[in-house]
Amino acid sequence: MRRAGGVGCGTIVIALIGAVAFGIDPAQTIAVLGGIEGQQSAPQSRGGELGAQEACTMGPYATEACNALTSLNETWEPEFRRAGIRFEQPFLDLYRDGSVTTEGCGSASSAAGPFYCPADMGIYIDTSFYEQLAQIAGTGGDFARLYVIAHEYGHHIQNITGLADQVRSLQQRNPRQSNQLQVRMELQADCYAGVWAGKNRNRIERGDMEEGLRAASAIGDDTLMNRAGQRINPENFTHGTSQQRMDALRRGLETADDSACDIYFDFS
């Protein structure tokens, strides 16, 4: 199902209960199912009590997150337009050290890590994850945080391209392949994050790429399992190994071409 102009066949969304979008704990799960929500390009409170401008000033990461989301929208919307695919902006919900309730994916605690909810097209990030990531990756720079948002935005791309039903059908027909399909989805989201960075090299400072690769490595399934004292079991992988995640991010950044991310899926 290759579309002219890009944003093509390598696009899916998790559609089974028990899937994690980006969490640092391989055992942590959250349900994500389809739906739709508004199209604000800045963090906003649930229920819309705050305007976008006010929301962008709340918390130490809000302005940075608003700027990143604006850049992501400005980068990807033209790609969808050229491909003839209807584009819808996601919204970003930042919260801290607690839980969050979505409009269609239920509730999640901080332990879930950042995630994307297809049902309301929301990117949800507990900002305490940034400190956790800085600790385990050994980096506290902004590019690691931008990578988190860009990865979750990758799941939004996978959602609105319309291939979710195909992958859901594959998972339902062969549940034993669900984790493998999920790993491919996560790696493609990493690749899309790299594509965004590659298309916005003016945002890339010296050392940013290395910082992003360290972040990707720190949240590989094998690394997380080893850190938790668990036996490394590829059958339980949900996001890919550290090497796979680094390779996916690097592929996107070096090519700056979303079609390079089609390698993870081919429905032709």
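Residues numbered from 1 in each chain as written. Predicted model: local features only at pLDDT ≥ 70, side-chain atom pairs only at ≥ 80, totals over all residues. Heavy atoms only, no water.

1. Structural notes on the overall build of the protein chain
At step 1: For the protein chain, the count of helices and strands is nine helices and five strands.
At step 2: Evaluated residue by residue, the protein chain yields a buried proportion of 54% over its 268 residues.
At step 3: Accessible area for the protein chain stands at about 11,200 Å²; split by element, carbon and sulfur atoms hold 46% of it. (Helix = DSSP H or I, 4+ residues; strand = E, 2+ residues; numbered from the N terminus. Buried < 20%, exposed > 50% of the residue type's maximum accessible area, 1.4 Å probe, protein only. Areas by Shrake-Rupley, 256 points an atom, 1.4 Å probe, with all protein chains shown as cover.)

2. A look at the packing of aromatic side chains
For any two aromatic rings, the description comes down to two numbers: the centre-to-centre distance and the angle of the planes.
At step 1: This model, assessed by the stated rule, comprises five aromatic pairs.
At step 2: Considering the side-chain rings of W76 and Y192, the 5.5 Å spacing of their centres and the 80 degrees angle between planes classify their relative orientation as edge-to-face. Taken together, the positions of W76 in helix α2 (residues 62-83) and Y192 in helix α6 (residues 178-199) put the pair 116 residues apart, joining distant regions of the chain. In this pair, the class of W76 matches that of Y192, namely buried.
At step 3: Ring centres of F115 and Y124 lie 5.0 Å apart, and the angle between their planes is 10 degrees; on these two criteria the pair is classed as stacked. The pair formed by F115 and Y124 is uniform in burial state, with each residue classed as buried.
At step 4: An aromatic cluster of three or more residues is present, and its members are F91, F115 and Y124.
At step 5: Lying across the ring of F265, R184 places its NZ or CZ 6.0 Å from the centre. (Phe/Tyr/Trp six-rings, centres within 6.5 Å; stacked < 30°, edge-to-face > 60°. Lys NZ or Arg CZ within 6 Å of the ring centre and 35° of its normal.)

3. Some words on the sheet that holds strand β1 (residues 91-95)
At step 1: Taken together, the three strands give an open sheet; going across it, the order is β1-β5-β4, and neighbouring strands pair in mixed fashion. A strand with exactly one partner marks an edge of an open sheet, and here the two such strands are β1 and β4 (115-117). Strand after strand, the sheet turns through a mean of 25 degrees between neighbouring axes, direction not considered. (Pairing = 2+ DSSP bridges. Axes fitted to C-alpha atoms, helices over the stretch in contact; angles between N-to-C directions.)

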